[in-house]
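# Summary of structural features
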Amino acid sequence: MNKHANFLIMTESVERLRRYLEDELGECRSEDLQGRIEELDDLESLLDPDVISTDVETLSALGNDTRYTLVRLLVEADGELCVCEITPLLDVSDSAISHALSTLADAGLVTKRKDGRWRKYRATNRANAILAVLDGTRT
């Protein structure tokens, strides 16, 4: 986007904000507008792109029935489960389980460790916290 287009968008946004404040406050003085712009700038500065990216990756990892079921299973297990214990509980292929567990590990929702020839998985604190929030908001 060129400078002129950016300027027009910014001007339109400021004008819309001015009209909003006028509706909310009954009038909008320059200092009201400037103060609100500064508050919004401060709010925007709190939005860390790396945090947002990580959170979106985490939520995306839960956006699939198999992956969500795996996390739910590992949280409820309250400990490690071997893949050989998980497989009979789900009606999906071994490769689908393996792929789902890999995605969940990449997203920080499960940890894996090798124990001899067995792979064991455990829900992370992050997974426990997310499911606790979901459980607490269910009516």
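What counts and what doesn't
- Residues numbered from 1 in each chain as written.
- Predicted model: local features only at pLDDT ≥ 70, side-chain atom pairs only at ≥ 80, totals over all residues.
- Heavy atoms only, no water.
- Helix = DSSP H or I, 4+ residues; strand = E, 2+ residues; numbered from the N terminus.
- Rg over C-alpha atoms; globule rule 2.2 N^0.38 Å.
- UniProt positions renumbered as here; feature names shortened; annotations may be inferred.
- Core = buried A, V, L, I, M, F, W, Y, C linked by side-chain atoms within 4.5 Å.
- Buried < 20%, exposed > 50% of the residue type's maximum accessible area, 1.4 Å probe, protein only.
- Contact = heavy atoms within 4.5 Å.
- Pairing = 2+ DSSP bridges.
- 1 Å grid on protein atoms, 1.4 Å probe; cavity = no way out; pocket = protein on both sides within 12 Å on 5 of 7 lines; lining within 4 Å.
- Points joined across faces, edges and corners; volume = space filled by probe spheres on them.
- Nonpolar A, V, L, I, M, F, W, Y, C, P; charged D, E, K, R; others polar.
- Axes fitted to C-alpha atoms, helices over the stretch in contact; angles between N-to-C directions.
- Parallel < 35°, antiparallel > 145°, perpendicular 65-115°, else oblique.
- Domains from an automatic or database assignment.

Under an unreviewed UniProt entry, the name given to the chain is ArsR family transcriptional regulator, and the organism recorded is Halalkaliarchaeum desulfuricum.

## Quick notes on the overall build of the chain
In terms of helices and strands, the chain carries seven helices and three strands. Tracing the chain from N to C terminus, the helices and strands come up as α-α-α-α-β-α-α-β-β-α. Compactness check: the chain gives a C-alpha radius of gyration of 24 Å against a globular reference of 14 Å for 139 residues, more than 25% above the reference. Overall, the C-alpha framework of the chain stretches about 70 × 40 × 25 Å when taken along its three principal axes.

## As for the UniProt feature "domain: HTH arsR-type" (unreviewed entry) in the chain
Mapped onto the present numbering, the UniProt feature "domain: HTH arsR-type" (unreviewed entry) falls on residues 47-139. A helix fraction of 60% and a strand fraction of 15% characterise residues 47-139, whose end C-alpha atoms lie 30 Å from each other.

## A few points about the nonpolar core
Ranked by size, the top nonpolar core spans 20 residues in total, and within it Leu 70, Val 71, Leu 74, Ile 86, Leu 104 and Leu 109 carry the most contacts. Residue assignment for this core shows that the elements contributing at least two residues are helix H4 (65-77), helix H6 (94-106), strand E3 (118-123) and helix H7 (125-137). If we skip the residues at most four places from it in the chain, Ile 86 touches Leu 70, Leu 73, Leu 74, Leu 81 and Ile 97.

## Brief notes about the pairing of strand E2 (residues 110-115)
In terms of strand pairing, E2 meets E3 through six bridges, oriented antiparallel. Counterpart to Val 110 in the pairing with E3 is Ala 123. In this structure, the hairpin formed by E2 and E3 is closed by a connection of two residues, where Gly 116 is found at a positive phi of approximately 65°.

## Brief notes about the layout of surface pockets
Its boundaries defined by the atoms lining it, the largest pocket holds a volume of some 180 Å³. Lining the largest pocket, in full, are Met 10, Ser 13, Val 14, Leu 17, Ile 37, Leu 40, Asp 41, Leu 43 and Glu 44. In terms of residues, the lining of the largest pocket owes the most to one element, helix H2 (residues 30-45), which gives five residues. Its residues placed into classes, the lining of the largest pocket shows six nonpolar, one polar and two charged.

## Details of the packing of H4 against H7
Packed helices, taken two at a time, are described by the angle between their axes plus the distance between the axes. Orientation of H4 relative to H7, taken along the N-to-C sense of each, is 100°, at an axis distance of 10 Å. As far as their axial angle goes, H7 and H4 are roughly perpendicular. Of the residues in H7, those touching H4 at Tyr 68, Val 71, Arg 72 and Val 75 are Ala 127, Asn 128, Leu 131, Leu 134 and Asp 135. In terms of residue class, the contact of H4 with H7 is built from six nonpolar, one polar and two charged.

## Observations concerning the domain arrangement of the chain
Partitioning the chain into structural domains gives domain 1 (2-47) and domain 2 (52-137). Inter-centroid distance (C-alpha atoms) of domain 1 to domain 2 is 43 Å.

## Re the side chain of Asp 32
Within the secondary structure layout, Asp 32 lies in helix H2. Ignoring any residue separated from it by four or fewer positions in sequence, one finds Asp 32 in contact with Leu 21, Leu 25 and Glu 27.

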